Amino acid sequence: MSKPNILFVLGGPGAGKGTQCAKIVENFGYVHLSAGDLLREERKAPGSQFGELIEHHITNGTIVPVEITCSLLERAMNKSEKNDFLIDGFPRNEDNLSGWNRVMGEKVNLKKVLFFHCSQEVCTERCLARGAAGSGRTDDNEESLRKRFVTYENATMPIIKYYEEKGFVAQIDATKTPEEVYSDVEAVLKSL
Ligand code: C5P
Ligand code: MG
């Protein structure tokens, strides 16, 4: 089998990464791997040695060491036995990027970085609404959200800039409705 094709999906908390990934899965047959979802799963896995560490990072909006996240991603990729992956919420910082490149860089074919761009105000409103609607997430509250945005600006934006300079980024206006955003996403996917 050829090298797995990868799309990284980045954007602030509440930008709609998960929502759009679900639509891409439906229409283009990618496997959706959310780094945040994999970490939340690992956090609650009975006997996981990383549960507390992951919980600490999630509540504080900081980034879990790449050795943990990258191995969860690699394990999920292998388990799926598929070849096209949306990797959502990763790489989030320099440690994520260098760890991924070290372990996975040569094993995969990075096709594009989808960057969902949305203001902090709109994103915060969406996450608070998601929390109020019962997301059950320990980080959909104002205090965690403030911290998540600091991490996003300071640690994730430089990664997006790095890929931008390499010509990998497709920037999408994520302030619109999910349907409108998806029509832009679809155009990018069709151009690949
Ligand atoms: O992407 P999502 O909003 O689900 O991520 C939730 C949290 O999971 C992040 O704020 C961070 O604490 C953790 N995470 C991480 N490393 C990633 C992705 C998520 O540490 N690459
Ligand atoms: Mg998500």
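For the structure itself, look to the data block above.
Asks: For this particular structure, what's the right way to read the side chain of Gln 20?
Replies: Looking at the secondary structure, you find Gln 20 in helix H1 (residues 17-28). A polar contact of 3.4 Å, which involves the side chain of Gln 20, links it to the backbone nitrogen of Tyr 182. In contact with Gln 20, other than residues within four places in its own chain, are Phe 116, Pro 178, Val 181, Tyr 182 and Val 185.

Asks: Sorry, what's going on with the site of ligand 1 here?
Replies: Residues in close proximity to ligand 1 total 16 residues, the closest being Arg 40, Thr 62, Val 64, Gly 89 and Asn 96. At a separation of 2.9 Å, a nitrogen atom of ligand 1 approaches a polar backbone atom of Gly 89. The side chain of Arg 148 places a nitrogen or oxygen atom 3.4 Å from an oxygen atom of ligand 1. Contact with the protein chains covers 96% of the free accessible surface of ligand 1, which is 460 Å². Where the shell around ligand 1 is concerned, the elements lending two or more residues are helix H2 (35-44) and helix H3 (51-60). Element by element, the count of residues in the shell around ligand 1 is highest for H2, at 4 residues. When its residues are assigned to classes, the shell around ligand 1 shows 6 nonpolar, 5 polar and 5 charged.

Asks: Help me understand unusual backbone geometry, please; the structure alone is not making it clear to me.
Replies: Peptide bonds are, in most cases, trans, and in most cases residues other than glycine have a negative phi. In this structure, Pro 91 follows Phe 90 across a cis peptide bond, with omega equal to -5°. Positive phi, normally seen in glycine, also occurs at Glu 81, with a value near 55°. Inspection of the secondary structure puts Glu 81 in the loop between helix H4 (66-80) and strand E3 (84-88). The class for Glu 81 is exposed, based on a relative accessible area of 65%.

Asks: In this structure, what is going on with the sheet that holds strand E2 (residues 31-34)? I would like to understand it.
Replies: Sheet strands line up and pair through hydrogen bonds in the backbone, either parallel or antiparallel. On the basis of which strands lie adjacent, the open sheet formed by 5 strands has the order E2-E3-E1-E4-E5 and parallel pairing. Strand pairing shows two members of the sheet lacking a second neighbour, E2 and strand E5 (169-173), which therefore form its edges. When the angles between neighbouring strand axes are averaged without regard to direction, this sheet yields 20°. With respect to the sheet, H1 is in contact with strand E1 (5-11), E2, E3 and strand E4 (109-117), its orientation differing from that of E3 by roughly 170°. Along the sheet, helix H7 (residues 142-165) makes contact with E1, E4 and E5, crossing E4 at roughly 130°.

Asks: Is there a simple way to think about the packing of aromatic side chains in this case?
Replies: The way to describe two aromatic rings as a pair is by their centre distance and the angle between their planes. Tallied over the entire structure, the rule returns 7 aromatic pairs. Pairing Phe 8 with Phe 90 gives two aromatic rings, centres 6.2 Å apart and planes at 55°, and the pair type is tilted. In this pair, Phe 8 sits in strand E1 while Phe 90 sits in the loop between E3 and helix H5 (94-103), placing the two residues 82 residues apart along the sequence. This pair shows no difference in class: Phe 8 is buried, exactly as Phe 90 is. A ring pair is formed by Tyr 163 and Phe 168, whose centres lie 6.1 Å apart and whose planes are at 80°; its orientation type is edge-to-face. Ring-pair connections join several aromatic residues into one group, and the members of that group are Phe 8, Phe 90, Trp 100, Tyr 162, Tyr 163 and Phe 168.

The rules behind these values
Residues numbered from 1 in each chain as written. Chains lettered and ligands numbered in written order. Predicted model: local features only at pLDDT ≥ 70, side-chain atom pairs only at ≥ 80, totals over all residues. Heavy atoms only, no water. Helix = DSSP H or I, 4+ residues; strand = E, 2+ residues; numbered from the N terminus. Polar contact = N/O pair within 3.5 Å; in protein donor to acceptor, adjacent residues only side chain to side chain. Contact = heavy atoms within 4.5 Å. Near = heavy atom within 4 Å. Areas by Shrake-Rupley, 256 points an atom, 1.4 Å probe, with all protein chains shown as cover. Nonpolar A, V, L, I, M, F, W, Y, C, P; charged D, E, K, R; others polar. Buried < 20%, exposed > 50% of the residue type's maximum accessible area, 1.4 Å probe, protein only. Pairing = 2+ DSSP bridges. Axes fitted to C-alpha atoms, helices over the stretch in contact; angles between N-to-C directions. Phe/Tyr/Trp six-rings, centres within 6.5 Å; stacked < 30°, edge-to-face > 60°.

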